[in-house]
Amino acid sequence: MAGKKKVWIGNVAAYTVAGGIASALVGSGLSLLGRALLPAGLGSVSVAIALVVTATAAVRELGWLSLPLPQWRRQTRDVWAKRFRGPVTAAFWGFDVGLLFTTWFTLSGVWSLIAVAVLSRDPAYAVSLLLVYWAGRALSVWLTPLMLADAASTPQLLDAIGGRRRFVQRVHALALAGALGVLAALLFQGRGLGA
Amino acid sequence: MATESISIPQARPEGSRFERITLGLVALGALATVAGLAGGLRAGLYAPAFLLGWTQLVGL
């Protein structure tokens, strides 16, 4: 049992680290894209744009707006588990999911973070924001043992969480409302998203 | 007379644990947002970003 626990921890650690690396790459890439495409000194305009994107995502998750998510409808590859050893597969999965755009996301809040990362034009901030987002995603894997009734109940856990989609969507919308509050405060103070 | 058996879906304990953990994270997130705002307005976005990541779990 101790051996299996060690293997599990190793796999989840590999998943987490790889996903963190991918998230950092995405964060820096998005901010550099912002630097390439957007003028410096956008100030409150950058906040206003982020506000609109965030508000759109929030009303979508509340069910007030039917909007297809722009995304690549792809899941990370199961076949890697047959080809590679545990930690390597876990690292590939983590990196794939951490790249954001290469797998699908069922909830739209990530677009708010993408907008903020681009509009900030600040690699350090964009990287830290995407790393924190990844930490939230990875935590759900680390806490899975706390949510399982027993070692064999992963399908039941996934089933139970899937059955609570409405609850999760509302929490997602609440998080977006929190982001809206922060952006509104920035706008009120006449500040931008840049450093 | 045919009898019908009706299965009544039972609330799964795993789902309840997930909800309790999520609500705990929301409470922490609210505190962290306030702390982030005090630290520098942009920092207030970290807690919402974390919760957005946590709730993306549904996309499994």
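All values reported here derive from a predicted model rather than from experimental measurement.

Caption draft 1: Region of interest: the overall build of chain B. On a plain count of helices and strands, chain B comes out with two helices and zero strands. Carbon and sulfur atoms provide 65% of the accessible area of chain B, an area that totals close to 3,400 Å².

Caption draft 2: A look at the interface of chain B and chain A. Across the boundary between the two partners, chain B contributes 32 residues, which contact 52 residues of chain A. For Asp122 of chain A, the salt bridge goes to Arg42 of chain B, with nearest N and O atoms at 3.0 Å. One can count seven residue pairs in polar contact (both at pLDDT 80 or more) joining chain B with chain A. Among the secondary structure elements, those contributing two or more residues to the side of chain B that touches chain A are helix H1 (13-39) and helix H2 (46-55) of chain B. Here the element with the most residues in the side of chain B that touches chain A is H1 of chain B; it accounts for 13 residues.

Caption draft 3: Quick peek at the confidence of the model for chain A. For chain A, per-residue confidence averages 86 on the pLDDT scale, and 83% of positions sit at 70 or higher. Averaged pLDDT values for the elements of chain A fall to 60 in helix H3 (residues 80-83) of chain A and rise to 96 in helix H5 (residues 110-120) of chain A.

Caption draft 4: Seen up close, unusual backbone geometry. Residue and element names in this part refer to chain A. Of note, the phi angle at Leu100 is positive, near 65°, even though the residue is not glycine. The class of Leu100 is buried, set by a relative accessible area of 3%. Of note in this structure, Arg121 is not a glycine but carries a positive phi near 55°. Looking at the secondary structure, you find Arg121 in the loop between H5 and helix H6 (123-142).

Caption draft 5: Geometry of helix H9 (residues 165-188) of chain A. All names here are of chain A. Taking 1.5 Å of rise per residue, 24 residues should cover 34 Å, and H9 covers 34 Å from first to last C-alpha, within 8% of that figure. For H9, the complete set of buried residues consists of Phe167, Val168, Gln169, Val171, His172, Ala173, Ala175, Leu176, Ala179, Val182, Leu183 and Leu186. Of the residues one or two after H9, Gly190 is the one with positive phi, at around 70°.

Caption draft 6: Looking closely at the nonpolar core. Within the largest apolar cluster, 45 residues are counted, with the highest numbers of intra-cluster contacts made by Leu100, Val116, Leu129, Leu183 and Leu193 of chain A together with Phe18 and Leu45 of chain B. Listed by contribution, the elements that provide at least two residues to this core are helix H1 (2-37), helix H2 (44-61), H5, H6 and H9 of chain A together with H1 and H2 of chain B. It is H9 of chain A that provides the largest number of residues to this core, a total of nine residues. Look past the residues within four positions of Leu183 of chain A in its chain and what remains in contact with it is Val47, Ala50, Leu51, Thr54 and Leu193 of chain A together with Leu45 of chain B. Within the second largest apolar cluster, six residues are counted, among which are Ala14, Tyr15, Val97 and Trp134 of chain A.

Caption draft 7: Fine view of the packing of aromatic side chains. Taken as a whole and assessed by the stated rule, the structure comprises five aromatic pairs over all chains. With centroids separated by 5.9 Å and ring planes inclined at 90°, the aromatic side chains of Trp8 of chain A and Trp142 of chain A adopt a geometry described as edge-to-face. Of this pair, Trp8 of chain A sits in helix H1 while Trp142 of chain A is found in helix H6, placing the two residues 134 residues apart along the sequence. Its relative accessible area of 33% is what places Trp8 of chain A among the partly exposed residues. Ring centres 5.2 Å apart and planes at 40° place the aromatic pair Tyr15 of chain A and Trp134 of chain A in the tilted group. Placement of Tyr15 of chain A in helix H1 and of Trp134 of chain A in helix H6 is noted, with a sequence separation of 119 residues between them. The burial state of Tyr15 of chain A is the same as that of Trp134 of chain A; both residues are buried. The ring centre of Tyr125 of chain A lies 4.0 Å from the NZ or CZ of Arg42 of chain B, which sits over that ring.

Caption draft 8: A look at H6 of chain A. Counted at 1.5 Å a residue, the expected span for H6 of chain A with its 20 residues is 28 Å, and the 28 Å between its end C-alpha atoms agrees. Turning to H6 of chain A, its buried residues number three or more, namely Tyr125, Ala126, Val127, Ser128, Leu129, Leu130, Tyr133, Trp134, Gly136, Arg137, Ala138 and Ser140 of chain A. Those residues of H6 of chain A that are buried are in contact with H1, helix H4 (86-98), H5 and helix H7 (144-147) of chain A together with H2 of chain B.

Thresholds applied
- Residues numbered from 1 in each chain as written.
- Chains lettered and ligands numbered in written order.
- Predicted model: local features only at pLDDT ≥ 70, side-chain atom pairs only at ≥ 80, totals over all residues.
- Heavy atoms only, no water.
- Helix = DSSP H or I, 4+ residues; strand = E, 2+ residues; numbered from the N terminus.
- Areas by Shrake-Rupley, 256 points an atom, 1.4 Å probe, with all protein chains shown as cover.
- Contact = heavy atoms within 4.5 Å.
- Salt bridge = Lys/Arg side-chain N within 4 Å of Asp/Glu carboxyl O.
- Polar contact = N/O pair within 3.5 Å; in protein donor to acceptor, adjacent residues only side chain to side chain.
- pLDDT = per-residue confidence, 0-100.
- Buried < 20%, exposed > 50% of the residue type's maximum accessible area, 1.4 Å probe, protein only.
- Expected span 1.5 Å × (residues − 1).
- Core = buried A, V, L, I, M, F, W, Y, C linked by side-chain atoms within 4.5 Å.
- Phe/Tyr/Trp six-rings, centres within 6.5 Å; stacked < 30°, edge-to-face > 60°.
- Lys NZ or Arg CZ within 6 Å of the ring centre and 35° of its normal.

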